[in-house]
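For reference, the chains in residue letters:
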Amino acid sequence: SFDLAGLDETMEGEKRAGHFQGVATVVSYFLQTFRPNHAYFGEKDYQQLRIIDHITQSLGLKTKILGCPIVREGDGLAMSSRNSLLNIEERKLAVKLFEGLQFAKHNAKKVSYGTLKDMVAALFDKYDELALDYFKIADPKTLKEISFDEPIPKGRGFIAAHLGKIRLIDNLDMS
């Protein structure tokens, strides 16, 4: 079992117990076996990217882990194989995750974090088919959620929601 420095104890790690230990096992095996100079992982799965970077460093591997920017559809929806599972109406609603992140970024310096969390949740309350799982702003290195009481520092916004039977995630730099 890997020491993941708490990076696996929040967001997706809370929802998928043991998932990141499995990721660490598989990725470390490939990195140790093939010893690439560089390995590229998408920022859409930002938590996974941070965990892979952490294990690479903790194992003393020489592979440089590089994050690749999220590729988005024309309306802003983060590209994902899961998008093909959405029906036409669900696809129209799926963009609300990105819109929620943009809303948060736009309002981050105007209100407290606690208020912002309530405002983002309210955006999702309008839709019966779209259930917000979480919205958090976290430190991009530690993935620890920021303080509710202090002004919102630079951080990364993370969001997850259920749309019908599909669970979607997205994230966005808040600076």
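The structure we're discussing is the one just above.
What counts, and at which threshold
- Residues numbered from 1 in each chain as written.
- Predicted model: local features only at pLDDT ≥ 70, side-chain atom pairs only at ≥ 80, totals over all residues.
- Heavy atoms only, no water.
- Helix = DSSP H or I, 4+ residues; strand = E, 2+ residues; numbered from the N terminus.
- Rg over C-alpha atoms; globule rule 2.2 N^0.38 Å.
- Buried < 20%, exposed > 50% of the residue type's maximum accessible area, 1.4 Å probe, protein only.
- Contact = heavy atoms within 4.5 Å.
- Areas by Shrake-Rupley, 256 points an atom, 1.4 Å probe, with all protein chains shown as cover.
- Lys, Arg positive; Asp, Glu negative; His and termini not counted.
- Charge placed at Lys NZ, Arg CZ, Asp CG, Glu CD.
- Core = buried A, V, L, I, M, F, W, Y, C linked by side-chain atoms within 4.5 Å.
- Salt bridge = Lys/Arg side-chain N within 4 Å of Asp/Glu carboxyl O.
- Pairing = 2+ DSSP bridges.
- Axes fitted to C-alpha atoms, helices over the stretch in contact; angles between N-to-C directions.
- Phe/Tyr/Trp six-rings, centres within 6.5 Å; stacked < 30°, edge-to-face > 60°.
- Expected span 1.5 Å × (residues − 1).
- Parallel < 35°, antiparallel > 145°, perpendicular 65-115°, else oblique.
- Left-handed = near helix turned anticlockwise from the far one by under 90°.

## Some remarks on the overall build of the protein chain
- A count of helical and extended segments in the protein chain gives six helices and five strands.
- Traced from its N-terminal end to its C-terminal end, the protein chain shows the element sequence α-α-β-α-β-α-α-α-β-β-β.
- For 175 residues, the compact-globule formula gives about 16 Å, and the C-alpha radius of gyration of the protein chain, at 17 Å, lands near that figure.
- For the protein chain, the spread of C-alpha atoms along the principal axes amounts to about 50 × 40 × 30 Å.
- Relative to its full complement of 175 residues, the protein chain shows a buried share of 43%.
- Relative to all contacts within the protein chain whose residues are 6 or more apart in sequence, the contacts with residues 24 or more apart total 62%.
- Accessible area for the protein chain stands at about 9600 Å²; split by element, carbon and sulfur atoms hold 53% of it.
- Positive and negative side-chain charges of the protein chain, numbering 24 and 24 respectively, have mean locations separated by a distance of 5 Å.

## Notes on the nonpolar core
- Core analysis: the largest hydrophobic core is formed by 25 residues, its most contacted members being F135 and I137.
- At the level of secondary structure, the elements contributing two or more residues to this core comprise α4 (88-94), α5 (96-107), α6 (113-125), β3 (130-138), β4 (156-163) and β5 (166-173).
- Counting residues in hydrophobic clusters, the runner-up holds 23 residues, among them I51, I52, I65 and A138.

## Some points on the pattern of salt bridges
- A complete count under the given rule lists 11 salt bridges for this structure.
- The salt bridge involving D133 is made with K15; its shortest N-O contact spans 2.9 Å. Here the residue D133 occupies a position in strand β3, and K15 occupies one in helix α1 (residues 12-15), the gap between them amounting to 118 residues.
- The salt bridge involving K96 is made with E99; its shortest N-O contact spans 3.1 Å. Within this pair, K96 and its partner E99 are both found in helix α5, separated by three residues, close to a single helical turn.
- One network of salt bridges, with partners in common, ties together E12, K15, D133 and R167.

## Topic: the sheet that holds β3
- Here we have three strands laid out as an open sheet, ordered β3-β4-β5, and antiparallel in their pairing. Across the chains shown, the open sheet's two edge strands, defined by having one partner strand only, are β3 and β5. Here the average twist between neighbouring strands, direction ignored, is 15°.

## A word on the packing of aromatic side chains
- What the rule picks out here adds up to three aromatic pairs.
- With a centroid separation of 5.7 Å and 75° between ring planes, the pair formed by Y29 and F30 is classed as edge-to-face.
- The class for F30 is partly exposed, based on a relative accessible area of 43%.
- Judged by centre distance (5.9 Å) and plane angle (15°), the ring pair of F30 and F34 falls under stacked. Here F30 pairs with F34, and both are found in helix α2 (residues 19-34), just four residues apart, close to one helical turn.

## Section: helix α3 (residues 46-58)
- Relative to the 18 Å expected for 13 residues at 1.5 Å per residue, α3 spans 18 Å between its end C-alpha atoms, a close match to the ideal helical length.
- Looking only at α3, the buried set comprises Y46, Q47, L49, R50, I51, I52, D53, I55 and T56.
- For α3, the elements touching its buried residues are α1, α2, β1 (38-42), β2 (64-68), β4 and β5.
- Of the residues trailing α3, G60 is marked for its positive phi of about 70°.

## Examining the packing of α5 against α6
- Where α5 meets α6, the closest approach of the two axes is 10 Å, and the angle between their N-to-C directions is 150°. When the interaxial angle is binned, α5 and α6 end up roughly antiparallel. As for how α5 packs across α6, the hand of that crossing is right-handed. Residues K96, L97, G100, F103, A104 and N107 of α5 pack against L116, M119, V120, L123 and F124 of α6.

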